[in-house]
Amino acid sequence: MAVATIETLVKQALAEESEGLFEQLLCTTGKVLTLSPEHALGWTLHGKAFAGLRNYRNAAQAYARALRLLPHDARLHARFGHCLMHIGEDGYARACFRHALELDPKTTSALEGLLAYEVFAPDHPYVHELARMADAVSVSLKTRAHAAFLLGRVLLTAGRDAEAFARYRQGNDLVAKGLQADRLVDPDWHPLLAMDRKYFEQMNADCTRPPAPPCPALIVTGLPRSGKSLVEHLLAQHSAVVAGGELAGFSKFVGKRGADPLARARQLAFQADGSLARLYASAMAGLGRPGQQRVVDTSPAHLRILGFLGVLHPEVPVVLCQRDPLDLGASLY
């Protein structure tokens with residue numbers, strides 16, 4: 001009976017992780033670990049829940065507890081290392097990545113982390129392992145693509161550009177094979193273009209509600225690789241601003257918009273109660289210092305739903321990052 005319960009909870013946890021419902025995920029994985037304290041996937045998702053809430057210190061503590069029970073799990077060591085990177089513990093992070101690779105040279109996430117600290121020659125054994133994974137038909141498309149992209153980085157650093165771009169091309173082809181055609185088109189895109197000045201004026205006239213508390217978000221948006229992280233870094237030099245990374249708080253708040261995004265916007269506008277402001281205030285409190293007034297959110301998911309922000313919190317500043325299309329294309333490639 002307990003096994004069936006764990007299986008059900010794990011399925012629920014995986015769905016919550018996929019949807020970015022990290023507070024619920026924290027609760028669900030807590031139940032999994034209560035039933036099975038040595039459940040590796042349960043610990044992985046438990047740490048992911050903390051990381052998704054940008055609480056990397058608690059995520060690191062969760063992985064440390066997990067590794068006391070599962071000291072030979074290479075992936076848990078790699079995840080522990082990435083959390084340590086986020087909280088500035090670079091020496092310990094590097095050691096975690098190295099130990100993960102000693103346990104299992106196929107742990108691509110560990111090698112990815114280690115590449116932030118070390119340069120590997122193309123003839124290094126870890127790099128040979130990457131090549132084997134990228135070319136192995138028995139390995140998942142996602143893992144093969146990840147290995148190919150990491151190989152591209154190693155080869156480019158070594159000055160072997162032609163080989164590097166061949167590996168990037170391989171990675172892109174593998175990703176393309178795994179894409180579902182129905183996910184390449186966003187049915188909500190065109191209706192959202194109707195959110196013009198006239199639309200907002202009408203919404204403001206229709207939605208009579210008490211004023212919500214000001215939202216401390218500062219949205220930096222644009223296409224991937226358009227310079228959002230650089231802008232965030234520059235903004236966070238101000239003492240009143242804290243870098244939040246890709247919090248995606250706004251897109252999670254909007255949630256699934258369904259077939260009629262304009263109706264969803266209207267629903268949110270009428271029920272606006274300050275919960276979005278509280279969400280960002282909580283994130284800022286967890287990441288920043290007393291006295292800070294804004295938390296930057298760089299999630300690219302916000303680009304196409306800015307109209308919702310105009311309905312809910314038009315006072316929130318938005319920085320739109322744009323980049324030369326050729327530079328953008330090369331970087332994305």
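Residues numbered from 1 in each chain as written. Predicted model: local features only at pLDDT ≥ 70, side-chain atom pairs only at ≥ 80, totals over all residues. Heavy atoms only, no water.

Draft legend 1. Structural view of unusual backbone geometry. The phi dihedral of Arg-225 is positive, around 70°, even though this residue is not glycine. Considering the arrangement of structural elements, one finds Arg-225 in the loop between β1 (217–222) and α13 (228–235). (Helix = DSSP H or I, 4+ residues; strand = E, 2+ residues; numbered from the N terminus.)

Draft legend 2. Local environment of the pairing of strand β3 (residues 294–297). Strand direction decides the pairing type here: β1 and β3, joined by three bridges, are parallel. Bridging across to β3, Ala-217 finds its partner in Val-295. (Pairing = 2+ DSSP bridges.)

Draft legend 3. A look at the packing of helix α8 (residues 125–135) against helix α10 (residues 161–178). Where α8 meets α10, the axes come as close as 11 Å, and the angle between the chain directions of the two elements is 40°. Here α8 lies oblique to α10, going by the angle between them. As for the relative orientation of α8 and α10, their crossing is left-handed in sense. Here Ala-131, Ala-134 and Asp-135 of α8 come into contact with α10, specifically with Arg-167, Gln-170 and Leu-174. (Axes fitted to C-alpha atoms, helices over the stretch in contact; angles between N-to-C directions. Parallel < 35°, antiparallel > 145°, perpendicular 65-115°, else oblique. Left-handed = near helix turned anticlockwise from the far one by under 90°. Contact = heavy atoms within 4.5 Å.)

Draft legend 4. Helix α2 (residues 22–35), seen in detail. Compared with an ideal rise of 1.5 Å per residue, which puts 14 residues at 20 Å, α2 spans 20 Å between its outermost C-alpha atoms and is within 8% of the ideal. Within α2, the full set of buried residues consists of Phe-22, Leu-25, Thr-28, Thr-29, Val-32 and Leu-33. Viewed along the axis of α2, the buried residues span an arc of 140°, placing them on a single side of the element. Opposite the packed face of α2, turned more than 90 degrees from it, sit the exposed residues Glu-23 and Thr-34. (Expected span 1.5 Å × (residues − 1). Buried < 20%, exposed > 50% of the residue type's maximum accessible area, 1.4 Å probe, protein only. Arc of directions from axis to C-beta.)

Draft legend 5. View of the packing of aromatic side chains. Taken as a whole and judged by the stated rule, the model has three aromatic pairs. Ring geometry for Phe-120 versus Tyr-126: centroids 6.0 Å apart, planes at 65°, classification edge-to-face. Here the two residues Phe-120 and Tyr-126 agree in accessibility, since each one is buried. (Phe/Tyr/Trp six-rings, centres within 6.5 Å; stacked < 30°, edge-to-face > 60°.)

Draft legend 6. Inspection of the sheet that holds β1 at higher detail. Taken in spatial order, the four strands line up as β2-β3-β1-β4 in an open sheet, and their pairing is parallel. At either end of the open sheet lies a strand with only one pairing partner, and these are β2 (241–243) and β4 (318–321). Strand-to-strand, the axes of this sheet are offset by a mean angle of 25°, without reference to chain direction. Along the sheet, α13 makes contact with β1, β2, β3 and β4, crossing β1 at roughly 150°.

Draft legend 7. Summary view of helix α16 (residues 275–287). Compared with an ideal rise of 1.5 Å per residue, which puts 13 residues at 18 Å, α16 spans 18 Å between its outermost C-alpha atoms and is within 8% of the ideal. Taken together, the buried positions of α16 are occupied by Leu-276, Ala-277, Tyr-280, Ala-283 and Met-284. All buried residues of α16 lie within an arc of 125° about the axis, which places them on one face of the element. Structural note: α16 exposes Ser-282, Ala-285 and Gly-286 on the side pointing more than 90 degrees away from its buried face. Contacts from the buried residues of α16 go to β1, β2, α14 (249–254), β3 and α17 (306–312).

Draft legend 8. Representation of the layout of surface pockets in the model. Quantified by volume, the second largest pocket comes out at close to 510 Å³. For the second largest pocket, the lining is made up of 21 residues, of which Glu-23, Gly-52, Leu-53, Lys-252 and Leu-279 are closest to its centre. Mapped by element, the contributors of at least two residues to the lining of the second largest pocket are α2, α3 (40–52), α14 and α16. Here the lining of the second largest pocket gets six residues from one element, more than from any other, and that element is α16. Looking at the lining of the second largest pocket residue by residue, the class counts come to 11 nonpolar, seven polar and three charged. (1 Å grid on protein atoms, 1.4 Å probe; cavity = no way out; pocket = protein on both sides within 12 Å on 5 of 7 lines; lining within 4 Å. Points joined across faces, edges and corners; volume = space filled by probe spheres on them. Nonpolar A, V, L, I, M, F, W, Y, C, P; charged D, E, K, R; others polar.)

Draft legend 9. View of the pairing of β1. Counting buried positions along β1 gives six out of six residues, so the element sits mostly inside the fold. What you see with β1 is no split at all: Ala-217, Ile-219 and Thr-221 on one side and Leu-218, Val-220 and Gly-222 on the other are buried throughout. Here four bridges tie β1 to β4, and the two strands are oriented parallel to one another. Note on β4: the bridge partner recorded for Val-220 is Val-319.

Draft legend 10. Examining the pattern of salt bridges more closely. Within the structure shown, the criterion is met by seven salt bridges. For Glu-118, the salt bridge goes to Arg-98, with nearest N and O atoms at 2.6 Å. Taken together, the positions of Glu-118 in the loop between α7 (108–114) and α8 and Arg-98 in helix α6 (residues 90–103) put the pair 20 residues apart, joining distant regions of the chain. Accessibility expressed as a relative area gives 12% for Glu-118, which makes it buried. (Salt bridge = Lys/Arg side-chain N within 4 Å of Asp/Glu carboxyl O.)

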